[in-house]
Each structure stands twice: as structure tokens, then as C-alpha cells.
Amino acid sequence: MMNATMNENRAKIAKSASVFAAETLDPIASNLDHTGVYPRAVIEQLAAEGFLGLFLPEKWGGTDAGFASYVEAVQALSRSCAAVASILNNHVLAAHAIDRWGNESQKTEYLAALAAGKKLGTLATYETGSTPGVGTDALIASRHGTGFTLTGTKAFVRNAGAADVYVVFATLELAAETDGMTAFLVDANTPGLTVGPELDTMGLKGCPVAHLTFLNVSLAEGTLLGSVTGGTAIADHLLAVGAVAEGAQTVGIGKAAARHAADYAKHRVQFRHPVAALQAIQTMLTEVATDSHLAWLGVQQTAQLIDSGAPFKAEAAMVKAFLARFGSRMLIEACQVEGGLGISETAPKGVRENLPLARMFRDIAGTTLLDAPADFPDKLIAEAIA
Amino acid sequence: MSNLNSRQQMARQSAKDFVAHHIIPHAAEFDKSGEFHAYLLKLAKPSKIFAMAVPKDYGGLGYDATTQSLVLEEWGYGCAGMGTTLAASILSMESVLIAGTDEQKARYFAPMVAGEIGAFGLTEPSAGSDVGAGTTTATKTADGYVLNGAKCWITNGSFASVHVIFAQTDPSKGTKGISAFIVEKDRPGFALGDVEHKLGLRSSNTVFYSLKDVHVPAANLLGKEGDGMKIAMKTLDMARPAIAALAVGVAQRSLDECVKHLQERFPGKPYPGQSLQFELADMQIQVEAARQVVRHVMALRDAAVPFSKESAISKTFCTDVAMNVTASAVRLMGSYGYTSELGKFMRDAKIMQIYEGTNQIQRLVIARAVLAPTPIAVSTLKAGE
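All values derive from a computational prediction rather than experimental measurement. What you see as residue numbers is a count from 1 along each chain, following the sequence as written. By the order in which they are written, chains take letters starting at A while ligands take numbers starting at 1. The predicted origin of the model limits local features to residues at a pLDDT of at least 70 and limits the giving and counting of side-chain atom pairs to 80 or more, whereas totals for whole chains, interfaces and linings rest on all residues.

A word on the overall build of chain B. In DSSP terms, a helix is any run of H or I states spanning at least four residues, a strand is any run of E spanning at least two, and both are numbered starting from the N terminus. The number of helices and strands found in chain B is ten helices and eight strands. Compactness check: chain B gives a C-alpha radius of gyration of 21 Å against a globular reference of 21 Å for 385 residues, within 12% of the reference. When each of the 385 residues of chain B is scored for burial, the buried share is 56%. We call two residues in contact when the distance between their C-beta atoms, placed using the backbone, is within 7 Å. Of the contacts formed within chain B by residues at least 6 apart in sequence, a portion of 76% connects residues at least 24 apart. Atoms counted for the radius of gyration: C-alpha only. Globule rule: 2.2 Å times residue count to the power 0.38. Residue burial here comes from a neighbour count, namely the number of other C-beta atoms, placed from the backbone, that lie within 10 Å of the residue's own C-beta, with 20 or more meaning buried, 12 or fewer meaning exposed, and in between meaning partly exposed.

Okay, here's the thing in C-alpha cells:
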């Protein structure tokens, strides 16, 4: 239910995220992009400000502010540094999985630590095969006494190496037992689990991405998240929630790019006038502003559906599909407005400011792409409208 | 079916071989380091490919425009950054071809035939799209000119042995007061600044330089005083289809890599779903159409027919296609696209929509032709109007 108090809370959270972004993220964003070193101190600061627990119950140190508030924070943070937002999103999704499907002992073990930033979490969903469970290096779980043994690989895991706990999706060896995946909570220091070399990503530098290799990783029964046959439903849910969170991240980048390009256009004089006076430039800025605004409405509305417990997967898929089409285009246009400065990785002679658009161009591609196959939303949407 | 003659086909084949052996294997490492690919100049020297636009009379290969575009497409297929070095060197030569005397041509082209490169110095911090707003000046002296000012975003700037540089000989006349000069790199007062770090085309050298009391002899003036803007516009007319050709190569490469990835990832499944099939078909439609747009403008140029409008169309269409197709390829490959060389193609394509005249400036040129009261060739319009 929408009401004035909720709106007020959301606005408050958006405001505090904006302040945090300006004070803490703006000064480090460019350097983080250049070094790519995981920003542990910043994540601790995010935790201290309560951003890790927005979507967790008060019982575990969260503020139970809801997902609609959470996306406000993500959008605001992404305007300054999408890499940090990406670390946050993956962490929050892992915590959400434990909150929703974990048993009391799992919650006790992880949630307070995740909310406080004492532990970092993430999801390990994808595989190199065409679908999870298929392919030579699929992650296969076999029963071993009361527990399980896992062998295989999870691909493109974000927060890899930095995370203390992974929500891992594996396929049970006996296909007859289940037609889907099984979810496990795997501690980073579990013997047999190794993090591969960090992959060379185009953007979101600082949010590490790597493959995880499991070699006879022995897991006790207590690591099972949800039921043995429940993994696919968990993965589908997280994929949809994640699409909305990443939608907020994309919108944040797009809105910041539109703002920056508009400021540039107001000051850049060519043909004796600021280029902002040219209709063609106005049209380009208008497209970026329109696409990011409409996407934001979709993100907010879907986040409210999530909070209300209503079905939301088709709407989440639409956010994902919309931004797969228009996300990168926002930066293609914004960079075009700024011309040479729009494609500068460092400030050229005579330019004082750090130029963010080249980084944003690379970051927005990563936000809309580094997850799930690009055509996944279409099937969900088609089913929903059939 | 190909309507290329056998010489053109041979030139394309040898470019393909060169690119396969010397460009494709090293493109990613130079993109990563951002260092200039000096090795390539050495390797390319025996073939004189950097002098492919130089007429045979001056020791060059004397390729026609069509053949040049075939070579450039192959270089774009390998690495648009490396291809940009070749295209930008030719760009500087076009000014000399257009306005140079025999003596100037012989002097300018000799180093090119010997495997060196040139650069074209037009853009200034205050003069990007607004070319006429440049403040670099050339003051007449007893025996020549003294140049003062600064140029930015100059491709090949650090490595070119000769530059074509535009400066105001009469600032009171605006664009009609601009003149073009040949400036050798070792002239006192010519000082290279920082190399720019770019989103894409990273191994292509882009530099800022300043000119402080740089003396050039009168023999280095191209054409007459005040001809500069006209020379620059004609040069860009000739050079834009070169960027278009590079862009076709970039787009084709992205499509090829995308298809290769899909086939490797889904072995035994020759056909993906219809939406993916259609996306791939759309990518191929765009690439093939773009290629034909380049062929068309080059055929006009080879036939000595005005091609100014078609030049602007080719640059705009082909670089927009490259942007679309590279972005689609990255998207279709998802995480793989984002962590592979496909990202480079997308970053490279973005700059191609901007350099050598933004696609917005091209559209102004095209619109002017479209809106002409009686349809006329754009090339009859006076430059700078």
C-alpha cells in the first residue's frame, strides 16, 4: 500500500544515499575504476550507514525498509559509482535468499553479520553450459551420507573472492530426484572451493567477477537452502528481484549521464552558442532522460509489487527487457553529446574535472549484461501476456 | 558474386592475410596497454600499404578509392585502433593530394612511401564541430610563416613525421582566413603534449600539441592563403568513407565473433530461437547494407562524380551500424560479451560516431542536400557556409 509515511521514508533513504554518494563515492569512483581493487572500506561504510540491511528484518539488524526503499538507495548510489552498487546488489540478494528460505540456524549464522557488513555474500547461479546442469563443467551435487558433495564450476560470479558466503545453485546427480536445481549456502573457506582468476570485465571495476571451481566440496545437510527440489524457484525469484535491483542501477547511471551531458552542453560553446541551444542536442538529451525516467517508473512499480507480495516476475522481466534495449543506448547518446570529452578516460589538458562518461559507458553495459541471457525476459513476458 | 576486379580482389586478400597474421593476434594486448602499435609500421613497410593512397608517380601504390576501402575494411575487422592509424595518415595525405604542388607532393609523400605516417591538425579545444572557431595563427614573415597555437585530439600526433596543420592567416576573415600548412615534426617550437586515454581505439595515438613560434617556409603553404577551410572540407569528404570502411569491418567482426560464440556454446544446435535468428539477420542486413554504401561512394569517387553527400551518408550510416551491431553482439553474448574482446569493438565503435566530424555534423550536411530547393549535389555548396 502506498501511503504518505512510506513515501516519506523512501525519500529520506534516497536523500541519505545521495549524501553518501556525494561524500564517499564521488571521490573514489574514478580511482576505483582505474585500479579495480575491491573497495572493502567503502562497503564497511555502507554497512555503518545501514544500507546493507534495508531489505532485512529488524530482528537481524536490518531496518525492514522494503525493496522500494532499497531501489531508491541503489539508484542514488549508482549515479556516483555503479561498481559499489553492483557489489551491494549481489550482497543484498544473497541476504534476501537466506532471509526468505533459510532456517533459523542459517539465519542466526548469517543474517546479522550480512546486515552489519561483517560478512559479504553473493549468488553463484550461472554456468558455462547452455543451461545450468548441462555441460561438461556443470556443478553437480551428489548425496553423501546425510550431506552432499559438489563438483563442477559456477561461472561469472560477482563479488567472487571478496564474498564470505555464496548462495550456490547445483544440479542433483540423480536427475530423477528433481528436475531443477538445489541451493546451498557455501562458506568461502570450505575446502575444495577455489576462486578462479578475476575476469577482465569491461566496466564495474572493483566488483570482482570470477568462476568458482568446486572439487569434491563436502557440505553438511545444514547447508541446504530451502528444500532439495526448491532451488529453481529460488533462482527464478532472485533473478527477477535482481533484474529490478539492476534496473535501479542502470537508471542511476543513465540519469547521472544525462545530468552530466546536459551540464556539458550548457557550457560547451560552438557556433557562438552553448550547444544546449541546438535542437539536435536537446533531442539526444531528451531521449536519455525519457528512457531513464520510464525505466525508473517500471523499477519503482515492480519494487512495490515485491513489497506487497503480489506477483511481479513479468513486470521484473519487462524492466530487464526494456533496459536490455535502452540501457546502453543512454550512454551511447550521452557520450555523443560530449564528443571528445565523452570518450576520455582521463581528463585531457585544460580540463580539471574527472570525466565520468567513459566509465559509465562501460559500467552500464555491465549492468544490463553481466547477468542471465539477454533473451530470458521475453519468455516470461510472453507467458504472462498469453 | 563480386564485381571487384582482380587487382582489387588481390589487394583485399593480401590485406586479409596481413590482418590475420599481424593485427588480430595483437589487437587485444595493445587495447589493454593502450600503447601505440609501432611494430605494425615496421611490418607494413615492405608492402607500402601506408602509401596506398599515394599515386604511383610518387612511388606509392596508387590504389583507387574502392581498393583503399577494401583494405581499410580488413584493418577495421582486425582492429579499428590500428586501422585508425592508417586512415588518419591517409587523411593528412588527402590535403596534399587536393591542394599540393608537385614539389609538395613529392616532399610529403616520400616519407609515406618509406613507411612513415602523417597527421592532420584541424581540431582545437575551442574548435571541434565549429571548425572555424580555431585560434591558431600563422603570421606572414619575409620568407614564410610563424605558427602559434594548439591542436588537440590529433590522431598519430606523436608519431607522424609530417603534419598538415590549419591556422588563421587572417583572423578578421573567419573561415575564409584559414590556411593549410605542411609542418615537419622537428621544427623548433613544435611541442607534443600528453597522450589522451580513450574509451576505445586505445592503441591509436591521440595527442595534444602546441605550436610556439614555429617557422615554416612559404613553400609549405598548401594552396593559397585563405584556402584552408575549403581544403579541410574537401579532405574530410575524401576521408570520411575511410572511417565508414573501418566501421564495416568492426561490425562484421562483431557479428562473426558472436556467431562463433553461439555455435561453440550450443554445439549440435545449428539454429537458435527465432528472436535470436532475427537479431542475427538484422545485424547481417545492416553490415551488408553498410558495405554497399561504402562501395557506392567509392565508385562515385573513382568515377570522378561528386560524392560529398554520399560521403557524409557513408560515415554516418556505417558508424551507426557499427555501434548498433557491436552493442547487439555484446548483448547477445551476455556475460561472455562483457568479459571478451567484444567489449572492445563496442568501445571502438562509440568513438567512430564522433571523430572525423560527428554524425550530427554529417546529418546537417545531408539535410542541407535533402532540403535544397532544387536537388543539387552538396559538393557544389561552399565550404563553411
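Secondary structure assignment for chain A yields ten helices and ten strands. Taking 21 Å as the expected radius of gyration for a compact globule of 386 residues, we find that chain A reaches 21 Å, a close match to that expectation. If one aligns the C-alpha atoms of chain A with their principal axes, the spans along those axes are about 80 × 45 × 45 Å. Burial analysis of chain A (386 residues in total) assigns 57% to the buried set. Long-range pairs, those at least 24 residues apart, make up 74% of the contacts in chain A with a sequence separation of at least 6.

What follows concerns the environment of M333 of chain B. All names here are of chain B. Take M333: it is sitting in helix α8 (residues 308-338). Judged by C-beta crowding, with 23 C-beta atoms within 10 Å, M333 ranks as buried. Each C-alpha atom, one on M333 and one on G149, is 47 Å from the other, the two residues being 184 residues apart in sequence. Leave out the neighbours within four places in its chain, and M333 touches C258, H261 and L342.

Attention now goes to the pairing of strand β2 (residues 137-140) of chain B. All names here are of chain B. In this structure, β2 lies alongside strand β3 (residues 144-155), joined through four bridges in antiparallel fashion. In the strand pairing of β3, T139 is matched with V146. Two strands pair if DSSP finds at least two bridges between them. Joining the antiparallel neighbours β2 and β3 is a turn of three residues.

In summary, soluble globular proteins display a tendency toward joint burial of nonpolar side chains. Among the nonpolar cores identified, the biggest contains 257 residues, and L77, V244 and A257 of chain A together with F181, L246 and A247 of chain B are the most heavily contacted of them. Those residues in contact with V244 of chain A that sit more than four places away from it in its chain are V71, V299, T302, A303, I306, A316 and V319 of chain A. One nonpolar core equals one set of buried Ala, Val, Leu, Ile, Met, Phe, Trp, Tyr and Cys residues connected by C-beta atoms within 7 Å.

Residue and element names in this part refer to chain A. Domain segmentation is taken from an automatic or database assignment of domains. Each assigned domain of chain A is listed with its residue range as follows: domain 1 (4-120), domain 2 (123-229) and domain 3 (232-385). A C-alpha centroid distance of 30 Å is found between domain 2 and domain 3. Between domain 2 and domain 3, the residue contacts involve 14 residues of the former and eleven residues of the latter. Under the scheme applied here, ten amino acids are nonpolar (Ala, Val, Leu, Ile, Met, Phe, Trp, Tyr, Cys and Pro), four are charged (Asp, Glu, Lys and Arg), and all others, including Gly, are polar. Of the residues contributing to the side of domain 2 that touches domain 3, the split by class is nine nonpolar, five polar and no charged.

Domain boundaries assigned for chain B yield domain 1 (6-117), domain 2 (119-225) and domain 3 (229-380). Counting residues at the interface gives 15 residues for domain 2 of chain B and ten residues for domain 3 of chain B.

Glancing now at the confidence of the model for chain B. Residues and elements named next belong to chain B. For every residue, the predictor reports its confidence as pLDDT, a number between 0 and 100. Model confidence for chain B is summarised by a mean pLDDT of 94, while 96% of its residues fall at 70 or above. Every residue in residues 378-385 is under pLDDT 50, and counting partners more than four places away or in other chains gives 14 contacts. For this predicted complex, the interface score ipTM comes out at 0.93, while the overall pTM is 0.94.

This part covers the interface of chain B and chain A. On the side of chain A, 35 residues touch chain B, which itself brings 37 residues to the contact. Residue assignment for the side of chain B that touches chain A shows that the elements contributing at least two residues are β3, β6 (190-195), α7 (274-302), α8 and α9 (342-352) of chain B. Looking at side-chain class alone, the side of chain B that touches chain A contains 16 nonpolar, 14 polar and seven charged residues.

Residues and elements named next belong to chain A. Mapped onto the secondary structure, G61 falls in the loop between α2 (40-48) and α3 (67-80). Take G61: there are 19 C-beta atoms within 10 Å of it, and that puts it in the partly exposed class. For the pair G61 and N103, spaced 42 residues apart in sequence, the C-alpha separation works out to 17 Å. Leave out the neighbours within four places in its chain, and G61 touches G53, A112, A115 and A116.

A few words on the packing of helix α3 (residues 65-78) of chain B against helix α4 (residues 80-99) of chain B. Residues and elements named next belong to chain B. Where helices are involved, their axes are fitted lines through C-alpha atoms of the stretch in contact, as for all axes, and angles between N-to-C directions lie from 0 to 180°. Interhelical geometry of α3 versus α4 gives an angle of 150° and a closest axis separation of 6 Å. Contacts between α3 and α4 involve L72, W75, G76 and G78 on the former and, on the latter, A80, M82, G83, L86 and A87. Within the contact of α3 with α4, the residues separate by chemical class into six nonpolar, three polar and no charged.

The next point concerns unusual backbone geometry. Residue and element names in this part refer to chain A. At D64, a residue that is not glycine, the phi angle is positive and equals roughly 50°. The topology assignment puts D64 in the loop between α2 and α3. A residue is classified by how many C-beta atoms lie within 10 Å of it, and D64, with 13 of them, is partly exposed. Phi at F271 is positive, roughly 55°, even though this residue is not glycine. Considering the arrangement of structural elements, one finds F271 in the loop between β9 (269-270) and β10 (273-274). Judged by C-beta crowding, with 12 C-beta atoms within 10 Å, F271 ranks as exposed.

With that settled, consider helix α6 (residues 228-265) of chain B. Residues and elements named next belong to chain B. For a helix, the expected span equals 1.5 Å multiplied by the number of residues minus one. The end-to-end C-alpha distance of α6, which contains 38 residues, comes to 54 Å, matching closely the 56 Å that a straight helix rising 1.5 Å per residue would cover. Here the bend at a residue is taken as the angle between two axes, fitted respectively to the seven residues that end there and the seven that start there. Of all the bends in α6, the greatest, near 30°, is centred on M238, and the proline P241 appears no more than four residues after it. Taking burial as the measure, the 38 residues of α6 include 29 buried ones, the bulk of the element.

Residue and element names in this part refer to chain A. With their axes 7 Å apart at the nearest point, α3 and helix α6 (residues 231-267) run at an angle of 40° to one another. As the angle between them shows, α3 and α6 are arranged oblique. Helix-helix and strand crossings are classified by hand; for α3 and α6 the assignment is right-handed. Every residue of α6 that contacts α3 at V71, V74, Q75, A76, L77, S78 and R79 is listed here: V244, A245, A248, Q249, V251, G252, I253, K255 and A256. Taken together, the residues of the contact of α3 with α6 break down into ten nonpolar, four polar and two charged. Reported orientations rely on four angle classes, namely roughly parallel under 35 degrees, roughly antiparallel over 145, roughly perpendicular from 65 to 115, and oblique for the rest. Definitions for this section: a left-handed crossing has its near helix turned counterclockwise from the far helix by less than a right angle. A right-handed crossing has that turn clockwise.

All names here are of chain B. Relative to strand β7 (residues 206-217), β3 runs antiparallel, the two sharing nine bridges. Note that in β7 the partner of A150 across the bridge is S210. Direction of pairing for β6 relative to β7: antiparallel, over a ladder of four bridges. Following the sheet pairing, F190 is matched in β7 by L211.

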